[in-house]
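What follows is each chain in one-letter form.
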Amino acid sequence: MNIVILGPPGVGKGTQAVRLAQMGWIHISTGDILRESIEKGDTLGNKVAQYVHRGELVPNHLIVEVLKQKLQEIDCNSNIVLDGFPRNVEQARALEGLIKVDKVLYLKCDDEQIIKRLTARRICPRCGEVYNIITKPPSDNMRCDKCGSSLIQREDDREDVIRKRLEVYHRETAPLVEYYRRNGLLEEIDATGTIDEVFDQIREKIEEWAKRK
Ligand code: AMP
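A few points on the structure. In this text, all values refer to a predicted model and were calculated from it rather than measured experimentally.

## Points about the site of the ligand
Turning to step 1, where the next piece is worked out: By nearness alone, 16 residues border the ligand, and Thr30, Arg35, Glu56, Gly84 and Gln91 come closest of all.
Turning to step 2, where the next piece is worked out: In the environment of the ligand, an oxygen atom lies 2.5 Å from a nitrogen or oxygen atom belonging to the backbone of Glu56.
Turning to step 3, where the next piece is worked out: Take Gly84: an N or O atom from its main chain is 2.9 Å from a nitrogen atom of the ligand.
Turning to step 4, where the next piece is worked out: For the ligand, the protein covers 95% of the area, taking 480 Å² as the surface of the free molecule.
Turning to step 5, where the next piece is worked out: Of all the secondary-structure elements, those providing two or more residues to the shell around the ligand are α2 (30-40) and α3 (43-54).
Turning to step 6, where the next piece is worked out: With four residues, α2 is the single largest residue contributor to the shell around the ligand.
Turning to step 7, where the next piece is worked out: A per-class count over the shell around the ligand returns seven nonpolar, four polar and five charged.

So, in structure tokens, the structure goes:
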């Protein structure tokens, strides 16, 4: 089964996809792939860094190529969860030529809550663990509980960049909600609760689909 997790930046798409990965799903995050390339300073990283840091979308032809390559590296018979792709209708159409999308989980949450969550997000630059200074602070003064590195704020988690990312989301990505609703693939999830509450809804949906298959 292949699912897309759709929703505004910071709604918890990555966190929920990681939970599915712990159950054996293959998690593909286009944002993670781009950040890794930027960190390495490779050709792709150099091409996309400015877009990512400004909170703008990377051009479609580049990101579709990134996804194609990733899909070639994985076992396509596994369950796949896509996080951060597609981001607009053109990408959704491109995806249809690459894999069959079985369901789209739309994580719903309003902008003000998103801003509160994202400005409080901190990440470990070494192991990628994600913290929140309000809801999930590290136990030792801004150091990662897993590897001890100093936590950082993602450059695109600053409030001005978050507002820009939300604006891009409403303009480019939100139309996908209607696109997938029309296709009969959309399932809405209330993403305002805790990580566990949101994941319980996702698990229930997946179990329901598995029974119907
Ligand atoms: P994310 O971690 O999914 O929030 O992605 C971080 C940034 O990577 C976005 O703000 C975009 O600049 C870029 N990005 C990730 N996925 C895509 C995509 N499907 N299309 C265009 N840009 C993307």
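## A look at the environment of Ser149
Turning to step 1, where the next piece is worked out: The residue Ser149 is located in the loop between β6 (130-132) and α7 (159-173) in this model.
Turning to step 2, where the next piece is worked out: Ignoring any residue separated from it by four or fewer positions in sequence, one finds Ser149 in contact with Cys124, Arg126, Met142, Arg143 and Cys144.

## Examining the packing of α7 against helix α8 (residues 175-182)
Turning to step 1, where the next piece is worked out: Contact geometry of α7 with α8 gives a least axis separation of 5 Å together with a crossing angle of 35°. The residues of α8 that touch α7, namely those facing Tyr169, His170, Arg171, Glu172 and Thr173, are Pro175, Leu176 and Val177.
Turning to step 2, where the next piece is worked out: A class-by-class count of the residues in the contact of α7 with α8 yields four nonpolar, two polar and two charged.

## Comments concerning the side chain of Lys103
Turning to step 1, where the next piece is worked out: Structurally, Lys103 can be placed in strand β4 (residues 103-108).
Turning to step 2, where the next piece is worked out: If we skip the residues at most four places from it in the chain, Lys103 touches Asn2, Ile3, Val4, Gly184, Leu185, Glu187 and Trp209.

## Comments concerning the packing of aromatic side chains
Turning to step 1, where the next piece is worked out: Scanning the model with the defined rule gives one aromatic pair in all.
Turning to step 2, where the next piece is worked out: Pairing Tyr179 with Tyr180 gives two aromatic rings, centres 5.2 Å apart and planes at 85°, and the pair type is edge-to-face.
Turning to step 3, where the next piece is worked out: Residue classification places Tyr179 among the buried positions, given a relative accessible area of 9%.
Turning to step 4, where the next piece is worked out: Judged by relative accessible area, which is 1%, Tyr180 ranks as buried.
Turning to step 5, where the next piece is worked out: When the ring centre of Tyr131 is taken as origin, the NZ or CZ atom of Lys136, which lies over that ring, is 5.3 Å away.

## Looking at the environment of Trp25
Turning to step 1, where the next piece is worked out: Mapped onto the secondary structure, Trp25 falls in the loop between α1 (13-22) and β2 (26-29).
Turning to step 2, where the next piece is worked out: Considered as a pair, Trp25 and Pro125 are 100 residues apart in the sequence and their alpha carbons are 24 Å apart.
Turning to step 3, where the next piece is worked out: Apart from residues lying up to four places away in sequence, Trp25 is in contact with Met1, Ile3, Leu20, Asn79, Ile80, Val81 and Ile206.

## Let's talk about the nonpolar core
Here is a general trend for soluble globular proteins: nonpolar side chains tend to be buried in one another's company.
Turning to step 1, where the next piece is worked out: Counting 34 residues, the largest nonpolar core has Ile28, Leu34, Val48, Leu82, Leu95, Val104 and Tyr180 as the members making the most contacts within it.
Turning to step 2, where the next piece is worked out: Counting residues per element, this core draws most heavily on helix α4 (residues 60-73), at six residues.
Turning to step 3, where the next piece is worked out: Setting aside its immediate chain neighbours within four residues, Leu82 contacts Ile3, Val4, Ile5, Ile28, Leu67, Leu95 and Ile99.
Turning to step 4, where the next piece is worked out: Listed in part, the 23 residues of the second largest apolar core include Met1, Val11, Ala17 and Leu166.

## A word on the sheet that holds strand β1 (residues 2-6)
Turning to step 1, where the next piece is worked out: Taken in spatial order, the five strands line up as β2-β3-β1-β4-β7 in an open sheet, and their pairing is parallel. Of all the strands in the sheet, just β2 and β7 (186-190) have a single pairing partner and so form its edges. Neighbour-to-neighbour, the strand axes of this sheet turn through a mean angle of 25°, independent of strand direction.
Turning to step 2, where the next piece is worked out: Pairing geometry for β4 and β7, over five bridges, is parallel. The partner of Leu107 across the bridge, within β7, is Ile189.
Turning to step 3, where the next piece is worked out: Where α2 meets the sheet, its contacts fall on β2 and β3 (80-83), and the angle it forms with β2 comes to roughly 65°.

## Observations regarding the pattern of salt bridges
Turning to step 1, where the next piece is worked out: Following the criterion strictly, the structure yields 22 salt bridges and no others.
Turning to step 2, where the next piece is worked out: Note that Arg121 and Asp157 form a salt bridge whose closest N and O atoms lie 2.9 Å from each other. One end of the pair, Arg121, is in strand β5 (residues 121-123); the other, Asp157, is in the loop between β6 and α7, with 36 residues separating them in the sequence. Both residues of the pair, Arg121 and Asp157, belong to the buried class.
Turning to step 3, where the next piece is worked out: Taking the shortest distance from any N to any O, the salt bridge between Glu167 and Arg171 comes out at 3.5 Å. You can see Glu167 and its partner Arg171 sitting in helix α7, four residues apart, about one turn around the helix.
Turning to step 4, where the next piece is worked out: On the basis of relative accessible area, Glu167 is assigned to the partly exposed category, the value being 44%.
Turning to step 5, where the next piece is worked out: Look at the salt bridges and you will find they share partners, linking Arg121, Arg154, Asp156, Asp157 and Arg165 into a network.

Rules used throughout
- Residues numbered from 1 in each chain as written.
- Predicted model: local features only at pLDDT ≥ 70, side-chain atom pairs only at ≥ 80, totals over all residues.
- Heavy atoms only, no water.
- Near = heavy atom within 4 Å.
- Polar contact = N/O pair within 3.5 Å; in protein donor to acceptor, adjacent residues only side chain to side chain.
- Areas by Shrake-Rupley, 256 points an atom, 1.4 Å probe, with all protein chains shown as cover.
- Helix = DSSP H or I, 4+ residues; strand = E, 2+ residues; numbered from the N terminus.
- Nonpolar A, V, L, I, M, F, W, Y, C, P; charged D, E, K, R; others polar.
- Contact = heavy atoms within 4.5 Å.
- Axes fitted to C-alpha atoms, helices over the stretch in contact; angles between N-to-C directions.
- Phe/Tyr/Trp six-rings, centres within 6.5 Å; stacked < 30°, edge-to-face > 60°.
- Buried < 20%, exposed > 50% of the residue type's maximum accessible area, 1.4 Å probe, protein only.
- Lys NZ or Arg CZ within 6 Å of the ring centre and 35° of its normal.
- Core = buried A, V, L, I, M, F, W, Y, C linked by side-chain atoms within 4.5 Å.
- Pairing = 2+ DSSP bridges.
- Salt bridge = Lys/Arg side-chain N within 4 Å of Asp/Glu carboxyl O.

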